[in-house]
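Residues per chain are reported as follows:
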Amino acid sequence: MNTLLEMTGVRKRYGGVQALDGASLTAARGEVHALLGPNGSGKSTLDKTLAGTVVPDSAEIRIDGAAARIRGPRDAHALGVAAVYQQLSIVGDLTVTQNVVLGLEPARRLGFLDHRAARDRAAGALERFTAAFSGRLPLDRPAGSLDPGEQQIVEVAKALAREPRILVLDEATASLHKEQVEVLFDVVRELRAAGVLVVFTSHRLDEVFALCDRATVLRNGRTVGTVELAATDEDELVRLMVGDAPHRVPRPARARAVADPTSSPAAALEVRGLTTDRLRDVGFAVRAGEVLGLGGLQGQGQSELLLALFGAARVTAGEALLDGRPLPLSSPARAARAGVALVPGDRGRQGMFAPRPIQENLSLASMHRRARAKLALSAAAERHAARSMVERLQIKIGSLTDPVSTLSGGNQQKVVIGKWLLDRPRVVLLDDPTKGVDVAAKEEIYAIVRGLADDGAVVILNSSDNRELTELSDRVLVLFEGAVAEELSAEAITESRLVSSALRLAPGESL
Ligand SMILES: Nc1ncnc2c1ncn2[C@@H]1O[C@H](COP(=O)(O)OP(=O)(O)OP(=O)(O)O)[C@@H](O)[C@H]1O
């Protein structure tokens, strides 16, 4: 093997948490190497150690056989390491070009930045995303005006402009549309052919199998093994990731009675003619105990529909009835009081209060309900409820009183989910809930969602993961351009059918 990178004995402690406890990683040039592990196992910390944004307590790093001292991002850049994280670092007010050249040192002429050279360099990096992509990124627009997927692409372009020999992609596909993921993968394959080492972190095992050559698995801050992906399967990987603990909650024979109109009660939630800036005349009915999936290409109004039902979009026409009574669509506070909960996809902005303690975040949703019942929320009750959710979702924390911002990405998302599920809502709106959540916790979340439905809640699920839609939905509405284009009944919900419905609706729109 043509080894390019060797990291051994990497240790990092944050306060009471031993994030890395002697982790190691050995990878070759011209390889796409996956870094896998449950939430909080230390993947991001290892990525950041390599990129110089985390300084480890101890580590031995060799690049191309030579000892490497990485004490900051500049050291990493000098050694040819560039990294892309899920949290964007682009500056919204700067143009795409300015962002891509940020941190590079473009030629200076007579003391001034040579903007043409900078622009050429940015264009060169964006060019790698194939003509289809770069043509769609307006180089002179403020990057803040682009959609999250495009912003993520700018981030990758920024890393490529450094012409790295090691590229770290840490959950870099999380905000991309499927089509954008494909283009990114083509770029990664080109880099591999050119001898670059790509270290790829993702919770999407389908992506890992599609793209990577080998995988190193971390658990509790230690490396538990490195495998050739061609010689392994998903079960083996999951076993390595979660150990011998039972990780798959057996799928209960879900009562399909809800799908049988003759045996089920009338619709609990009825939506009629719902129209907003992005929705056109959306109508459907959901029974209590039913999980309604939302499918289609991403960005066709699925998130908007959930926001509208949560009172967070400007509804210009239409109405929703819950158990025959009008559901207030004018504010999230009123929707929440009526028993509607939204588990948002974008946890950073909508789902939590990052600087506040974990236990407070877990109990915020239920607070108003208890206050209304004139029950004083004792600190002990808050702690007890939070503790049980932490155990159920295996949220990896130091202490319940630590700020949420200290948790790993996937564990933050678990807090957002836990917060709403503690409240036993009547209508549960899930917007890509398990993005970035590890396989074991995903199964636990699925079990909780099914449990809520079995207890009679109305569940509406938007997911970019077709497998998740097939696992959970009793029925799927396929959306296109803000309208319901097709309805798939239980028997028709397969991954291939979901993909073909989405694509068939948008001929020529696959990018
Ligand atoms: N800045 C920080 N302060 C305190 N603790 C931290 C900090 N960053 C990470 N940790 C802790 O270190 C551990 C490892 O976190 P890390 O982000 O590396 O995990 P991960 O494997 O990338 O998780 P995920 O899959 O959820 O992204 C976690 O328990 C996390 O809470």
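The structure under discussion appears in the preceding block.
Attention here is on the structure that accompanies the text. Keep in mind that this is a model prediction, so the values were computed, not measured.

Of note in this structure, N220 is not a glycine but carries a positive phi near 50 degrees. Within the element layout of this structure, N220 appears in the loop between strand 11 (214–219) and strand 12 (222–228). On the basis of neighbour counts, which here come to 17 C-beta atoms within 10 Å, the residue N220 falls in the partly exposed class.

To continue, consider the nonpolar core. Counting residues in hydrophobic clusters, the biggest one holds 144 residues, and the most contacted among them are V168, L429 and V459. Take this core: its biggest share by element is 7 residues, from helix 16 (residues 439–454). Sequence-distant contacts of V459, that is, excluding residues within four places in its chain, are made with V291, L292, V428, L430, V449, L452 and A453.

Moving on, we get to the sheet that holds strand 10 (residues 197–201). Within the open sheet, the 6 strands sit side by side as 6-9-10-3-11-12. Their pairing is mixed. Edge positions in the sheet fall to strand 6 (81–84) and strand 12, since each of these pairs with one other strand and no more. Between one strand axis and the next, the sheet turns through 20 degrees on average, direction left out of account. For strand 3 (residues 32–36) and strand 10, the ladder comprises 4 bridges, and the chain directions are parallel.

Take the pairing of strand 9 (residues 166–170) next. Of all 5 residues in strand 9, 5 are buried, a share of seventy percent or more. The alternating pattern of strand 9 places I166, V168 and D170 on one face and L167 and L169 on the opposite face, and all of these are buried. One ladder, built from 4 bridges, connects strand 6 with strand 9; its direction is parallel. By the bridge assignment, V84 is partnered in strand 9 with L169. Across 5 bridges, strand 9 lies against strand 10 in parallel orientation. Its bridge partner lying in strand 10, L169 is registered against F200. Chirality of the crossover, the property in question, places the unit of strand 9, helix 7 (residues 178–193) and strand 10 among those that are right-handed.

Taken together, the 4 strands give an open sheet; going across it, the order is 2-1-4-5, and neighbouring strands pair in antiparallel fashion. Taken across any chain shown, the strands that pair with only one partner, and hence form the sheet edges, are strand 2 (17–28) and strand 5 (66–67). When strand 1 (residues 3–14) meets strand 4 (residues 58–63), the two strands line up antiparallel, connected through 5 bridges. Considered in strand 4, the bridge of T8 is made with E60.

Criteria and cut-off values
- Residues numbered from 1 in each chain as written.
- Predicted model: local features only at pLDDT ≥ 70, side-chain atom pairs only at ≥ 80, totals over all residues.
- Helix = DSSP H or I, 4+ residues; strand = E, 2+ residues; numbered from the N terminus.
- Buried ≥ 20, exposed ≤ 12 C-beta atoms within 10 Å, placed from the backbone.
- Core = buried A, V, L, I, M, F, W, Y, C linked by C-beta atoms within 7 Å.
- Contact = placed C-beta atoms within 7 Å.
- Pairing = 2+ DSSP bridges.
- Axes fitted to C-alpha atoms, helices over the stretch in contact; angles between N-to-C directions.
- Right-handed = clockwise from strand over helix to strand, strands pointing away.

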